[in-house]
Each structure stands twice: as C-alpha cells, then as structure tokens.
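Per-entry structural report
Chain residues, written in single-letter form:
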Amino acid sequence: MAVFQKVVVVGAGTMGSQIALQTAYSGRYEVALVDSSRQQLERSRGQIAALVQRSVVKGRLSADEAPRVLGRLSFGEDLSAALPGAGLVIEAVFEDLETKLEVWRRLGRDAPADAVLASNSSTIAISRLAEETPRPAMCCNMHFFHPVTVMELCEIVRGPGTADETVGRAVEFVRSIGRVPVVIQKEIHGFVVNRILFAAAEEAMRLLEGGYASAEAIDTAVKKGLNWPMGPFELLDFSGLDIFYGALEDRSKMEGGVGAPAVLKERIERGELGRKTGRGFYDYGKQGGTRGDGKSRS
Ligand SMILES: NC(=O)c1ccc[n+]([C@@H]2O[C@H](COP(=O)([O-])OP(=O)(O)OC[C@H]3O[C@@H](n4cnc5c(N)ncnc54)[C@H](O)[C@@H]3O)[C@@H](O)[C@H]2O)c1
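A brief structural summary. (Residues numbered from 1 in each chain as written. Predicted model: local features only at pLDDT ≥ 70, side-chain atom pairs only at ≥ 80, totals over all residues. Heavy atoms only, no water.)

A short note on the layout of surface pockets
Threshold: Grid points spaced at 1 Å over the protein atoms alone were grouped into cavities, where a 1.4 Å probe fits but cannot get out, and pockets, open sets with protein on both sides within 12 Å along at least five of seven lines, with lining residues defined by an atom within 4 Å of a point. Grid points are joined across faces, edges and corners, and a volume is the space filled by probe spheres set on the points. Under the scheme used here, helices are H or I runs from DSSP no shorter than 4 residues and strands are E runs no shorter than 2 residues, and both carry numbers assigned from the N terminus.
Taken as a whole, the second largest pocket encloses approximately 500 Å³ of empty space. As for the second largest pocket, its lining consists of 19 residues, and the residues nearest its centre are Gln18, Leu51, Arg54, Pro147 and Thr149. At the level of elements, helix H1 (14–25) and helix H2 (38–57) are the ones that each hand at least two residues to the lining of the second largest pocket. The biggest single contributor to the lining of the second largest pocket is H1, with six residues.

Side note on the sheet that holds strand S1 (residues 6–10)
The test is simple: We call two strands paired when DSSP finds no fewer than two bridges between them. Angles shown run from 0 to 180 degrees and are taken between the N-to-C directions of axes, each axis being a line fitted to C-alpha atoms and, for helices, limited to the stretch in contact. Working rule for contacts: check all heavy atoms of both residues, and any pair within 4.5 Å makes them a contact.
In space, the eight strands of this open sheet follow the order S3-S2-S1-S4-S5-S6-S7-S8, with mixed pairing throughout. Of all strands in the sheet, those bounded by a partner on one side alone are strand S3 (73–76) and strand S8 (180–184). For this sheet, the mean inter-axis angle between neighbouring strands, taken without regard to orientation, is 25°. Relative to strand S6 (residues 139–144), strand S5 (residues 116–119) is paired through three bridges, and the arrangement is parallel. Each residue of the ladder has a partner; that of serine 119, found in S6, is asparagine 141. Sheet contacts for H2: strand S2 (30–34) and S3; angle to S3, the most-contacted strand, approximately 160°. Relative to the sheet, helix H7 (residues 164–176) contacts S1, strand S4 (88–91), S5, S6, strand S7 (153–158) and S8, its axis offset from that of S6 by approximately 25°.

Here's the deal with the nonpolar core
What counts, and what does not: By nonpolar core we mean a set of buried residues, namely Ala, Val, Leu, Ile, Met, Phe, Trp, Tyr and Cys, connected to one another through side-chain atoms within 4.5 Å. A simple rule labels every residue: compare its accessible area, found with a 1.4 Å probe on the protein chains alone, to the largest value its type can have, and call it buried under 20%, exposed over 50%, or partly exposed in between.
The biggest cluster of nonpolar side chains holds 36 residues, and the ones touching the most others in it are Val7, Leu88, Ile90, Met142, Phe144, Ile156 and Phe173. Valine 7 has contacts with Thr23, Tyr29, Glu30, Val31, Ala32, Leu88, Ile90 and Phe173, leaving out every residue within four places of it along the chain. One finds Val222, Val263, Tyr282 and Tyr284 within the second-largest nonpolar core, a separate group that totals 23 residues.

By themselves, these are just geometric observations and shouldn't be taken as functional.
Shown next, in the form of structure tokens:
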C-alpha cells in the first residue's frame, strides 16, 4: 500500500501528461500536474480527457470510473502551491539542464521534507540535479517510456547519494501504478534500454554504411531473427533521427568514440529526420508522422 496520497508531476508535455494519467488510473493517488505554460496545461487536459474516453470506448475502463480518474487530476501553473502534501514529485520538464536546475532548486526549497524527488530525464544523471537540493539521499531518476500508458517499463536509477529507502519507495510506487520497475545501481549515460537500443541501431547503420545489406533487409533480419516488433531503421525513423544523433554525439563526447555514423549525419544535414518529416531511412510520402503502410526505401 502507498504511504502517501499525493503525487506532483512537473511538466505537462508528452511524458508528464502520460505519467500523471497512468498514476490517476491506479486509483491510489491524487495527481497535481504543473506546467509553466497555461496553453500546454489546456492541451494536456484535452489530451488526457481524450485518452480516458478512448479507454472507455475500448472497454479498458468503465464509464463510471472515467470521471473518477479525471477527478483525481488537477492542473496548475504554480509549483509552490501544488507541492504541500506531496509524497513524490516527478520532474518531466524540457530536456534542458538549465531549465531542470531551476526546477530542482525550487523543489529542494519548497517540496515537503519527506517527499521523494525524481526526474524522468533520459540523459541527465540524478547526481547533477540532486546536488541542487539539500537531500540527495531522497532523489533518483525515474525513467518512463513513451507512451507511458502502453510501455510498462520504468528504469529507476540511483545516484551516488541515493538512499536504499528512496529506491524502495520508487520501486513500490512504480508497481502501484501498474508499471514494471528495474533498478540501475549506478549512473551511466543512456541507462540500460537506450544503451542497448543505441548499440543495435549503431551496428545496423554501420552494416548499411559498409554495403552489407539494405535498411529493409536489416530490419527484416532483426524482426524475423530476433523477434523484435520493429527493425532498427523503422525505430530510428519512428523516434526521430535527430534524437539518436544527439544521443550518439553526446555519448561519444562523454565516453570517447567516433560519433554518429555517416549514413545518419547525411540525413540529418538534409533535414530527413524520419516519420515526422516524411523521410528518414524510408520514404513515407504524404503519410509522414503516421504509422501508415506507405513506407518505401529511401
Ligand atoms: N518524449 C519521450 O519519448 C521521452 C521518453 C522518456 C523520457 N523523456 C524525458 O522526459 C522529459 C520531458 O520530455 P517530453 O518529451 O515530455 O517534453 P515536452 O517538451 O513534451 O514537455 C516538457 C514540458 O515542460 C514544460 N516546462 C518547461 N519548463 C518548465 C518549468 N520551469 N516549470 C514547469 N513546466 C515547464 C513545458 O511547458 C512542456 O510542456 C525530458 O527530460 C525527456 O528527456 C522523454
């Protein structure tokens, strides 16, 4: 059983909105969703209402329960006003260090003394954020995956100062909202999932670059041989080539290495970022941004 009733989620964008909704679905917590942009809060409110409605239509949620889920959520611009009573704060603002540091300074000052403070950051280690607070022992990364209401995993990453009790509370919370926690005992760039994903994607690009096989052949090999639902090039196009490029460059700065492969760099330079621009390793024609069937080789 949860020992606290209130969760604050900071940042009502793609991830924050979904983390808040998944938490509200559990029926165990009230959730305050905070964003500095009023417009974004309204967008988030609309998206959450639409997702709840879709769950009812698909029979995953009863019509009676839908208003109760929505009733557990509140939306506001004032972080300090939302924090009293919170047992857990999950920060999901822009992936920008300065923006995050400012939020974490405020959390260190204004969050209840017994609240666990977590960041959903994909790349910023908790030690960098926790040092802005007077209680690094109560801080950890809580890395959910998009879309949170579908993807079950949450990587819980402990920093050098994170207490066992904090990890335990994070694990218990993730389980209580129906997600699967995995604890990563030491900080490392990309945590576990993205490191394995980037290693596979990088190898796939080197094979393409070396002329060993086409993107389509490599995707088919991985899907049929490893049972992955998507091949590495499909996944690169789906997530956005710019995201992978940034992460690979980042990693080689931190750990050494040769940086992103040329087949990725040249597409970035041409503005071919995957589905969102209609072209990446595949050509989506007018169906860019959707998962339509109109894929052809690029
Ligand atoms: N998008 C993904 O697939 C994904 C997956 C896992 C983790 N993440 C991580 O989650 C975090 C959020 O990513 P996202 O994709 O949801 O970003 P997003 O751009 O969709 O949303 C970020 C939100 O933060 C708000 N914000 C910015 N500064 C703020 C402040 N000072 N106070 C309150 N709100 C503020 C913005 O208005 C925006 O609504 C990032 O750290 C990212 O690395 C993203």
